[in-house]
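Residues per chain, in single letters:
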Amino acid sequence: MSQKKSIVWSVFVKCDGGGFAQCKLCNSKIKMIGSSTSSLMKHIKAKHPAALELQQSETAVTAVASTSTGTNEGSIAAVRRQQPKISYAFEKANVYSRDSSKRKTLDECVMRMISRDIQPFSIVEDAGFRELVHNLDPRYVLPNRKKLSSQYLPEEDRGIYLTLTAHFISSEWELKSFALNTIRIRNSHTGENIKSEIETALDKWGIKHKVSTLVTDNAANIASAAELLHVRHVPCFAHTLNLIVKDSLKK
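Described below are features of the structure shown in this document.

Conventions adopted
Along each chain, the written sequence defines residue order, and numbers are assigned to residues from 1. Since the coordinates come from a predicted model, pLDDT governs what is reported: local features require at least 70, and pairs of side-chain atoms require 80 or more to be given and counted, while whole-chain, interface and lining totals use all residues. The basis for the side-chain values is all heavy atoms of the structure; hydrogens and waters are excluded. When a carboxyl oxygen of Asp or Glu is within 4 Å of a side-chain nitrogen of Lys or Arg, the pair counts as a salt bridge. Numbering goes from the N terminus for both helices and strands, where a helix is a DSSP run of H or I of at least four residues and a strand is a run of E of at least two. Only protein chains enter the accessibility calculation, which uses a 1.4 Å probe; a residue whose area is less than 20% of its type maximum is buried, one above 50% is exposed, and one in between is partly exposed. To qualify as a nonpolar core, a set must consist of buried Ala, Val, Leu, Ile, Met, Phe, Trp, Tyr and Cys residues joined through side-chain atoms within 4.5 Å. Contacts: residue pairs with any heavy atoms within 4.5 Å of one another.

What the rule picks out here adds up to 5 salt bridges. A salt bridge links K195 to E199; the shortest N-O distance between them is 3.2 Å. In this pair, K195 and E199 are both assigned in helix 9 (residues 191-205), 4 residues apart and thus about one turn of the helix distant. For K195, a relative accessible area of 15% corresponds to the buried category. Two residues, K208 and E199, come together in a salt bridge whose shortest N-O distance is 2.4 Å. Judged by its relative accessible area of 38%, K208 falls in the partly exposed class.

Now the structure itself:
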């Protein structure tokens, strides 16, 4: 395969010493098997599909122009002027740098979407959402939820939050569920402090005397808070099962 004609050598350069080639777009070093470039092409298809697509489009247009019969030189030149340059392919395929103003703008747009639509930070890790964003702009790499919360959530809004949800049977014998309050635990997360926050919320709703059971995760401080409230404590079954599976996998 000729290096001059192959898209591979427009994206890769051979490393000194042989055996490896380095990608110009992401600086990854890919091992070659002999003179085969299949591993390099596999990398381009997986990591830089836009570069491959644009180069193939350019090749296709050139082929049409060169094989058309009865076409004058002026029309061929016009077709070639419309062809995307390989440098343009690089520009579109290469991801935005961390300091790019475009990347920061898109990060902030994602954060506003999460805030306005009350979406969880984990949406940025959902396969469908990631596929959508990649197709809209292949150069944009979504931040993970840890970066979103640490970089774009104001310092004063960070911390530990506790949400109380009431489950009860209505007078029509229907199961009802309502989120009563989301509380930020500003002090140390002791059982006593959590108990005080829960008690304040229950008093606010006037339902403290109606609470018969508190369902929580298995954290010791939460269990302690339930004990201090003198209500029956039931560990969440899903959380308990999750802990059992994790513990089993470790063994």
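We are not done yet, so read on.
By size, the foremost hydrophobic cluster in this structure holds 16 residues, and its most contacted members are L162, L164, I183, I194, I198, L214 and L229. At the level of elements, strand 4 (160-169), strand 5 (175-185), helix 9 and helix 10 (220-229) are the ones that each hand at least two residues to this core. Setting aside its immediate chain neighbours within four residues, L229 contacts K195, I198, E199 and L214. One finds M111, V124, L142 and L148 within the second-largest nonpolar core, a separate group that totals 13 residues.

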